[in-house]
Amino acid sequence: MAIDFTFTDEHEELRATLRAFLKEKSDEAAVREQMATERGYDPDVWEQMAGQMGLAGLIIPEEFGGAGYTYVELLVVMEEMGRSLLCAPYLGTAVLATNALLHCVDETTRKELLVGIAAGETIATVAHAESNGRWDLAGVEMRAEKGEGGFTLSGRKCWVLDGHTADVLLVVARHEAGLSLFRVDADATGLERTLVPSLDITRKLAQLDFNETPADLVSAGDQTDALQRVLALTVAALAAEQVGGAQMCLETATEYAKTRLQFGRPIGSYQAIKHKCADMLVEVEFAKSAAYAACFSAAGNEEDFLETAALAKAYCSEAYFHAAAENIQIHGGMGFTWELPVHLYFKRAKSSELFLGDAAYHRERLADLVGI
Amino acid sequence: MADHRSMSEDELRARTRALLDEAHPEQVEAIPFRQAQYDHGLAWVHFPEGYGGLNLSPKMNVIVQDEILEHSKISHGMPAASIIGIGMGAPVVLTYGTEEMKKSMLPKIFTGEEIWCQLFSEPSAGSDVAGLATSAVRDGDDWILNGQKVWTTVAHLSRWGMLLARTDPDVPKHDGLSYFVLDMQAPGVDVRPLYQITGEAEFNEVFMTDVRIPHDRMLGKEGQGWRVAITTLMNERVAIGGGGSKRKGGGTISQLLELWNDRNKNAHSAGQEALLRDRVTRSYIDQELLRLTAQRARVTQQAGNPGPEGSVAKLAQAEMMKRLWELAIDILGNDGLAYEAGYELRQQASGIDTTEGLAKYQFLRSRANSIEGGTSEIMRNILGERVLGLPGEPRVDKKIAWKEVARS
Ligand SMILES: Cc1cc2nc3c(=O)[nH]c(=O)nc-3n(C[C@H](O)[C@H](O)[C@H](O)COP(=O)(O)OP(=O)(O)OC[C@H]3O[C@@H](n4cnc5c(N)ncnc54)[C@H](O)[C@@H]3O)c2cc1C
């Protein structure tokens, strides 16, 4: 089915409301303040966003206290968050963990945790990657041990979104039923959580070390396919976030090109700069098509969703990185300073490119999916 | 100084061995060794005798280095902070300085006892450096300086600065500039760190308020500063772009290869490994061609100051370095998400001791390669217009008084 790409008035209203909110609560000063903290976000702002505005439960069904919206609304939200470099545990809890709860876990856990997430009271995340450097689920080596009092986990999980602050960890590990999800509470015994000094300090990542840590099995049967879908859904949302960041780079660079004079002329009057801006525009437009297609496809539960998600992550990763790099170049020396936020977008672009698999990784997935 | 003396490679090697007999890098500290090297005319062999050189062709400089490294594990090579002094300060002092300046300044530039910085760029004048606004007004035997410079690398360590200032705002911009050597310790010079993408401050802002500078510290004549500046800029491009390794597979590419050899072989699928390997090979080719092109340039380069061709290597190197370090992060894969050195704002580089740490640092630092010393866009303009002779852009700033030109 052809994707219709229509944004309704309600979508536009959501965008406008969110942009105004983020302008106030996640301006550059706020981003700089939060990125320097260990927690990485402002609890008051999170409370307003998650609780009052209902953003944490955006895609959570109403029966669990959520707003019951689709991926189209989520795409709007992610785009705006990417644009403002919002520092918040949104991707981990409202996208990754929420999707895992919706697609992989048992009724009771789903209900219990989604209600908390939707209310903005619970921050959850998913831990799947390990130190072997792989993002694919076949790379998960951790095995749950079954003992007298239930399961325990031992070993290390890496690159866990907000893993150092989350209240609940959903850990992907193997046991006899196959790839499964285990729930571990933040204060579980034998759990050590370490903040990783990240390239992109606006997004916090943690390393989790488990040492015979008690864990509850919360899924039934092998979850490989369901988790694959969860990762694809996360990647689709991330692509929308990348689009927001790339669009911001394009706008900032264009604005600078219009106002910065050298040799008595705006630098944007030189084709070297004008063409850079024009190329960025083309790529940002393509990136929008890619990310929107993936999110509309998720919303409509289309058959080709996995393909469109891989395509989006492959394209948007490179488009964002390119836009962020050109944004530095167009700003000249200013673009290289700490003082301007240009470098923050550059670091976000690279980290979101690497996170959950880079462009080459997703191109390979796409090639497999479409049979190239 | 076009005709250089002839000296065979063997003679130069013998002369270098004579230096080593007198002062060996493994036995004497860097400063006395470099002083002896200077006194033997082996500092920069293309300089005249008596100023650290032997009036030889510039391509013979590598022979000295080579011979030193053949007989010594350490070479007491150029101190990192001296690149500006050695690459740009020395040629400009040699070409335009008074006898007194040459005698007192050149040896200290070479030994590293005195660091130099380049005070050209200003907030409103980067690519268009000739549009700068810092003013110098004559007052008896002195000039009085007021203005602000920016991006001044190592200004915080510097003893001397190469300063370009406007001595006449009423003539077209290139005609109203004069070039000075500024004493960085003079009253009214205020150096403040400026932090960059890595959190460090390599460069600074330099504020000048009623700074007095004696007239005899002017290089070239009043109003001819641009000509002198061009000498500095051409040498800068060579200093920056003339790099690459002297050895096959050495320098930057060896760091990338080390990272490649140590990579986590499980992190990428076979298909991605093949792609990465191809990119590594491309980088190898890039670095090899940088090295060979520099070698070829040394053969054809005559004594004296370089011309616009220096922009070829500068442009190529800048773009290749950015690509190379992007690739390094892609090889690291997930590990590229971490930045162990952290971004604490600080003046010196923090200890970056592993190749992986270096790669992450360079991934960020190399973004400046296509900006510092003239942007890649400006290099392309120079190559197009000055080397290939293509017509220039229509100019709105050349024939009118500087003060009439629009500025942001
Ligand atoms: C790490 C670092 C160290 C430095 N060290 C020193 C130093 O020690 N001393 C010193 O004096 N300066 C130094 N600089 C300054 C450097 O020379 C300038 O940053 C550079 O010349 C660019 O100037 P700008 O930053 O003002 O950018 P701008 O000139 O404002 O350029 C902005 C953009 O416009 C483009 N542009 C401008 N004019 C044209 C044109 N005619 N055609 C096409 N495109 C154009 C540029 O390429 C760039 O992309 C340093 C810079 C860096 C990043």
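Residues numbered from 1 in each chain as written. Chains lettered and ligands numbered in written order. Predicted model: local features only at pLDDT ≥ 70, side-chain atom pairs only at ≥ 80, totals over all residues. Heavy atoms only, no water.

> Just checking my understanding: could you explain a nonpolar patch on the surface for this structure?
Nonpolar side chains collect at one region of the surface, where L369(A), V370(A) and I372(A) lie side by side and expose about 300 Å² of accessible area between them. With respect to the helices and strands, the residue I372(A) is situated in the segment after α11 (359-370). (Patch = residues over 30% accessible without salt bridge, like charges linked within 9 Å, V, L, I, M, F, W, Y side chains within 5 Å. Areas by Shrake-Rupley, 256 points an atom, 1.4 Å probe, with all protein chains shown as cover. Salt bridge = Lys/Arg side-chain N within 4 Å of Asp/Glu carboxyl O. Helix = DSSP H or I, 4+ residues; strand = E, 2+ residues; numbered from the N terminus.)

> What should I look at first to understand the layout of surface pockets in this one?
A probe matching the size of a water molecule, rolled over the atoms, marks out where space remains unfilled. Quantified by volume, the second largest pocket comes out at close to 650 Å³. Along the walls of the second largest pocket sit 26 residues, with E318(A), F321(A), R279(B), R323(B) and E326(B) positioned nearest its centre. (1 Å grid on protein atoms, 1.4 Å probe; cavity = no way out; pocket = protein on both sides within 12 Å on 5 of 7 lines; lining within 4 Å. Points joined across faces, edges and corners; volume = space filled by probe spheres on them.)

> Please clarify how the nonpolar core should be interpreted in this entry.
Generally speaking, nonpolar side chains in soluble globular proteins are found buried as a group. Among the nonpolar cores identified, the biggest contains 172 residues, and Y71(A), Y90(A) and L153(A) are the most heavily contacted of them. Sequence-distant contacts of Y71(A), that is, excluding residues within four places in its chain, are made with I59(A), V95(A), N99(A), L233(A), T234(A), A236(A), A237(A), C295(A), A298(A) and A299(A). Core analysis: the next-biggest nonpolar cluster, separate from the first, contains 53 residues, M105(B), F110(B), A130(B) and L177(B) among them. (Core = buried A, V, L, I, M, F, W, Y, C linked by side-chain atoms within 4.5 Å. Buried < 20%, exposed > 50% of the residue type's maximum accessible area, 1.4 Å probe, protein only. Contact = heavy atoms within 4.5 Å.)

> Mind showing me how you'd approach the domain arrangement of chain B here?
For an interface, size is often stated in terms of accessible area lost upon the parts coming together. The assigned domain composition of chain B is domain 1 (9-77), domain 2 (116-228) and domain 3 (231-387). Spacing between the C-alpha centres of domain 1 of chain B and domain 2 of chain B amounts to 33 Å. (Domains from an automatic or database assignment.)

> Just checking my understanding: could you explain the pairing of strand β3 (residues 142-149) of chain B for this structure?
Every other side chain in a regular strand lies on the same face of the sheet, so the side chains alternate between the two faces. Residues and elements named next belong to chain B. Bridge analysis of strand β2 (residues 135-139) against β3 gives five bridges, and the strand direction is antiparallel. Bridge pairing in β3 places V137 opposite I144. Relative to strand β7 (residues 203-214), β3 is paired through seven bridges, and the arrangement is antiparallel. Among the inter-strand pairings, G147 is bridged to a residue of β7, identified as M208. (Pairing = 2+ DSSP bridges.)

> Is there a simple way to think about the packing of aromatic side chains in this case?
The geometry of an aromatic ring pair comes down to the distance between the two centres and the angle between the two planes. Per the counting criterion, the structure on display carries 22 aromatic pairs over all chains. Ring geometry for F336(A) against F203(B): centres 6.1 Å apart, planes inclined by 80 degrees, an arrangement best described as edge-to-face. Residue F336(A) is found in the loop between α9 (305-331) and α10 (342-354), and its partner F203(B) is found in strand β7; the two belong to separate chains. Judged by centre distance (5.3 Å) and plane angle (55 degrees), the rings of W151(B) and F203(B) are tilted. On the criterion of sequence distance, the pair formed by W151(B) in the loop between β3 and β4 (160-166) and F203(B) in strand β7 is long-range, its members being 52 residues apart. R15(A) extends its terminal NZ or CZ atom over the ring of F7(A), reaching a point 5.9 Å from the ring centre. Over the face of the ring belonging to F110(B) we find R34(B), whose NZ or CZ atom lies 3.9 Å from the ring centre. (Phe/Tyr/Trp six-rings, centres within 6.5 Å; stacked < 30°, edge-to-face > 60°. Lys NZ or Arg CZ within 6 Å of the ring centre and 35° of its normal.)

> Can you help me understand the interface of chain A and chain B in this one?
Between chain A and chain B, the contact holds 46 residues from the first and 55 residues from the second. Taking both sides of the interface into account, the surface hidden between chain A and chain B amounts to around 4,200 Å²; carbon and sulfur atoms contribute 62%. The largest per-residue losses of area from chain A upon contact with chain B belong to F263(A), F336(A) and W338(A), which jointly make up 20% of the total buried on that side. The interface formed by chain A and chain B holds 24 residue pairs in polar contact (both at pLDDT 80 or more) in total. Secondary structure elements with two or more residues in the side of chain A that touches chain B: β8 (261-262), α8 (271-299), α9, α10 and α11 of chain A. The residue makeup of the side of chain A that touches chain B, split by class, is 23 nonpolar, 13 polar and ten charged. (Buried area = accessible area lost by both parts, 1.4 Å probe. Polar contact = N/O pair within 3.5 Å; in protein donor to acceptor, adjacent residues only side chain to side chain. Nonpolar A, V, L, I, M, F, W, Y, C, P; charged D, E, K, R; others polar.)

> What is the right way to read the confidence of the model for chain B from this model?
Detailed reading of the predicted model is not advised wherever pLDDT is low. Mean pLDDT for chain B: 92, with 94% of residues reaching 70 or above. Interface scoring of the predicted complex returns ipTM 0.94; its pTM is 0.95. (pLDDT = per-residue confidence, 0-100.)

> Explain empty space enclosed by the protein here, please?
All names here are of chain A. Going through the model one piece at a time under the given rule, you end up with five cavities of 30 Å³ or more. By volume, the largest cavity amounts to about 160 Å³. The wall of the largest cavity is formed by 19 residues, among which L86, A88, Y90, L91 and R203 lie closest to the centre. Only α4 (71-84) and α5 (90-103) provide two or more residues apiece to the lining of the largest cavity. Of all the elements, α5 adds the most residues to the lining of the largest cavity, at three residues. Considered class by class, the residues forming the lining of the largest cavity number ten nonpolar, three polar and six charged. Both of domain 1 (9-118) and domain 2 (124-222) provide at least three residues apiece to the lining of the largest cavity. Its boundaries defined by the atoms lining it, the second largest cavity holds a volume of some 110 Å³.

> I would appreciate a short explanation of the site of the ligand in the present structure.
What surrounds the ligand is a group of 30 residues, the closest being R260(A), S127(B), W151(B), T375(B) and E377(B). At the site occupied by the ligand, nearby residues are drawn from chains A and B. The contact in question runs from an oxygen atom of the ligand to an N or O atom on the backbone of F120(B), over 3.1 Å. Compared with its free state, where it exposes 970 Å², the ligand has 96% of that area covered by protein. Elements with a contribution of two residues or more to the shell around the ligand: α8 and α9 of chain A together with α11 (376-387) of chain B. Here the shell around the ligand takes three residues from α11(B), the largest share from any one element. (Near = heavy atom within 4 Å.)

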